[in-house]
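Each chain is listed here by its residues.
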Amino acid sequence: MEGEANGTLHPACGSSEPPYSEELLRSLDLPGRFLFATLTLMTLIAILVFIEEAVYIYRKIPSSKRSIIIWINAAAPVISTTSCIGMWVPRSTMFTDFTAGIFFAIVIHKFLMMMIKECGGQKVLLRRFENGHFTITTGPCCCCCLCLPRVPITRQTLFWLKLGTFQFAVFRPVLVFLSIVLWTNGNYVLYNVSPKGPALWISCFIGALTLCALWAVGIMFRKVRILLKCKNIIPKFALYQFIVILNHLQTTIINIFATQKIIPCAPPLSSTARGSYIAQQLLIMEMFLITVISRVFYRRKYHDLEPPECVAEEPGDKKQSPEVILNGAAVQDALPKV
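Owing to the predicted nature of the structure, the values given are computational and were not obtained by experimental measurement.

Cut-offs used in this document
- Residues numbered from 1 in each chain as written.
- Predicted model: local features only at pLDDT ≥ 70, side-chain atom pairs only at ≥ 80, totals over all residues.
- Heavy atoms only, no water.
- Helix = DSSP H or I, 4+ residues; strand = E, 2+ residues; numbered from the N terminus.
- Buried < 20%, exposed > 50% of the residue type's maximum accessible area, 1.4 Å probe, protein only.
- Areas by Shrake-Rupley, 256 points an atom, 1.4 Å probe, with all protein chains shown as cover.
- UniProt positions renumbered as here; feature names shortened; annotations may be inferred.
- Core = buried A, V, L, I, M, F, W, Y, C linked by side-chain atoms within 4.5 Å.
- Contact = heavy atoms within 4.5 Å.
- 1 Å grid on protein atoms, 1.4 Å probe; cavity = no way out; pocket = protein on both sides within 12 Å on 5 of 7 lines; lining within 4 Å.
- Points joined across faces, edges and corners; volume = space filled by probe spheres on them.
- Nonpolar A, V, L, I, M, F, W, Y, C, P; charged D, E, K, R; others polar.
- Salt bridge = Lys/Arg side-chain N within 4 Å of Asp/Glu carboxyl O.
- Axes fitted to C-alpha atoms, helices over the stretch in contact; angles between N-to-C directions.
- Parallel < 35°, antiparallel > 145°, perpendicular 65-115°, else oblique.
- pLDDT = per-residue confidence, 0-100.
- Phe/Tyr/Trp six-rings, centres within 6.5 Å; stacked < 30°, edge-to-face > 60°.

Any chance you could explain the overall build of the protein here in plain terms?
Secondary structure assignment for the protein yields 10 helices and five strands. Sorting the 338 residues of the protein into buried and exposed places 45% on the buried side. Working note: accessible area of the protein is about 17500 Å², and carbon and sulfur atoms make up 68% of it.

So, in structure tokens, the structure goes:
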């Protein structure tokens, strides 16, 4: 602080631009270089684990679910890769963050579709929960609104849930494209939270779209979590939630601390650049762990014919006889319908 008062502040601390890669690498000491090498190795291992898992999924899982599960498994490796690129090339942070955000917006929609597919598809789900209801008093939007009514499970309500995640997968890339266009014209500054700048308003709009998408996934999960318990849907949902929290909430908190100078400048990194630098390193380690753990829960054979324990109804709904699809015919109570 005394140095700042005497006007000896390092030029990098007052700069709004991150340093070039060469400048950053020259400033690293031996522990810093070891950390860079370790995090890069973790990213490469995460990519190899995902490739091996994708090959397994392609060979062992039915084609109706194959692409969806590969997309979901790719979320952590893609975020780890973009974070590693941002760590090595600090000036690419905005583009790497945008890429990870667009990819995960698609993954949120894919996760909802995976839950529907795991129930046997939309037609089977509607037949299975014919007299059931969705509980919409769930997070992150309406967890405290206990007065909200339960919504019947119909084709229309399923359409609105799918629309809730699909809109995020569509509008997030559009808003990212708009941000890049404004950035090229000098109007968009990533860490400018002034009400006069577009970054704040675009971020708020993206936040609202994110909450709607997460709400739709939460409503569906609350309904099918017992039905799909044998398919490890609870730990899969937990991993998905961890990615949401770490990639969005953790990064946002760190960037706010950096903007407010709570994270100090460390030449050649300014406070904001150092905040992104820390967030990227944390994400690499966290996404590496999630990639390895995901392999445990997704590495299993999937069968279209469900075991009996997979068709239990959620308490509170009208009890119905378990129904599965066998060779295109509906089977109820182990006897074919006539």
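Additional details are given in the paragraphs that follow.
Please clarify how the UniProt feature "transmembrane region" (unreviewed entry) in the protein should be interpreted in this entry.
In the numbering used here, UniProt assigns the "transmembrane region" (unreviewed entry) feature to residues 34-56, 68-89, 95-113, 159-183, 198-217, 237-258 and 278-298. Within the segment residues 68-89, helix and strand shares are 95% and 0% respectively, and the terminal C-alpha atoms sit 31 Å apart. Taken end to end, residues 198-217 has its terminal C-alpha atoms 29 Å apart, with 100% of it in helix and 0% in strand.

How do you make sense of the nonpolar core when you look at a structure like this?
The tendency in soluble globular proteins is for nonpolar side chains to be buried side by side. Residues Phe111, Met115, Met220 and Tyr240 are the most contacted members of the largest nonpolar core, which totals 63 residues. Of all the elements in the fold, those that place two or more residues in this core are α3 (30-60), α4 (63-88), α5 (93-118), α6 (122-128), α7 (155-184), α8 (198-224), α9 (233-259) and α10 (271-298). In terms of residue count, the dominant contributor to this core is α5 (14 residues). For Phe111, the contacting residues outside a window of four places in its chain are Ile72, Val217, Ile233, Lys236, Phe237, Tyr240 and Tyr298. By size, the runner-up hydrophobic cluster in this structure holds 13 residues, among which are Leu28, Leu39, Met42 and Met87.

Is there a simple way to explain the side chain of Gln280 in this structure?
Looking at the element boundaries, Gln280 is found in helix α10. With relative accessibility at 4%, the residue Gln280 sits in the buried group. If sequence neighbours within four positions are ignored, Gln280 has contacts with Ser83, Gly86, Met87 and Thr93.

Looking at this model, I keep getting lost on empty space enclosed by the protein. Mind explaining?
Once rolled over the atoms, a probe with the size of a water molecule shows which space is left empty. Taken as a whole, this structure holds five cavities of 30 Å³ or more when the rule is applied. In this structure, the largest cavity is lined by 14 residues; those nearest its centre are Ile72, Ala75, Leu239, Ile243 and Ser294. When residues of the lining of the largest cavity are traced back to their parent elements, those giving at least two are α4, α5, α9 and α10. Taken together, the residues of the lining of the largest cavity break down into 11 nonpolar, two polar and one charged.

Can you walk me through the pattern of salt bridges in this structure?
Between side chains of opposite charge, pairing is possible as soon as their charged atoms come close. Scanning the model with the defined rule gives three salt bridges in all. With its nearest N and O atoms 3.1 Å apart, the salt bridge here joins Glu52 to Arg295. Residue Glu52 is located in helix α3, and its partner Arg295 is located in helix α10; the two are separated by 243 residues in the primary sequence.

How should the packing of α5 against α7 be read in this particular structure?
Between two packed helices, the angle of one axis relative to the other and the distance separating the axes together describe the packing. Interaxial distance between α5 and α7 falls to 9 Å at its minimum, and their mutual angle equals 170°. The angle between α5 and α7 places the two elements in the roughly antiparallel class.

Looking at this model, I keep getting lost on the confidence of the model for the protein. Mind explaining?
Overall, the prediction assigns the protein a mean pLDDT of 80, with 80% of residues at 70 or greater. Of all the helices and strands in the protein, strand β5 (residues 335-336) carries the lowest mean pLDDT, 40, while α3 carries the highest, 92. For residues 1-7, every residue scores under 50 in pLDDT, and the model assigns this stretch three contacts once sequence neighbours within four places are set aside. Under a pLDDT of 50 for its full length, residues 304-338 has, in the predicted model, 60 contacts with residues more than four places off or in other chains.

Hey, could you run me through the layout of surface pockets in this one?
Estimated volume of the largest pocket: approximately 1100 Å³. As for the largest pocket, its lining consists of 37 residues, and the residues nearest its centre are Ser203, His248, Thr251, Thr252 and Asn255. Those elements that place two or more of their residues in the lining of the largest pocket are α4, α5, α8, α9 and α10.

Even after reading the chapter, I still don't get the packing of aromatic side chains, so can you show me in this structure?
The relative placement of two aromatic rings is captured by the distance of their centres and the angle of their planes. For the coordinates displayed, the defined rule picks out 10 aromatic pairs. Between Phe95 and Trp183, the ring centres sit 5.3 Å apart and the planes meet at 85°, which makes this aromatic pair edge-to-face. Of the two residues, Phe95 is situated in helix α5 and Trp183 in helix α7; the sequence distance between them amounts to 88 residues. Relative to Tyr240, the ring of Phe237 lies with its centre 5.5 Å away and its plane at 40°, an arrangement referred to as tilted. Of the two residues, Phe237 and Tyr240 are both situated in helix α9; the distance of three residues between them amounts to about one turn of the helix. Of the residues examined, Phe237 reaches a relative accessible area of 12% and is grouped as buried. For Tyr240, a relative accessible area of 4% gives the class buried. Here a set of aromatic residues connected by ring pairs shows up, and it is made of Phe104, Phe111, Phe221, Phe237 and Tyr240.

Just to check I follow, could you spell out the environment of Leu190 for this structure?
Considering the arrangement of structural elements, one finds Leu190 in the loop between α7 and α8. Judged by relative accessible area, which is 30%, Leu190 ranks as partly exposed. For Leu190 and Ser203, which are 13 residues apart along the polypeptide, the C-alpha to C-alpha distance reads 9.7 Å. The contact partners of Leu190, leaving out residues within four places of it in the chain, are Met94 and Ala199.

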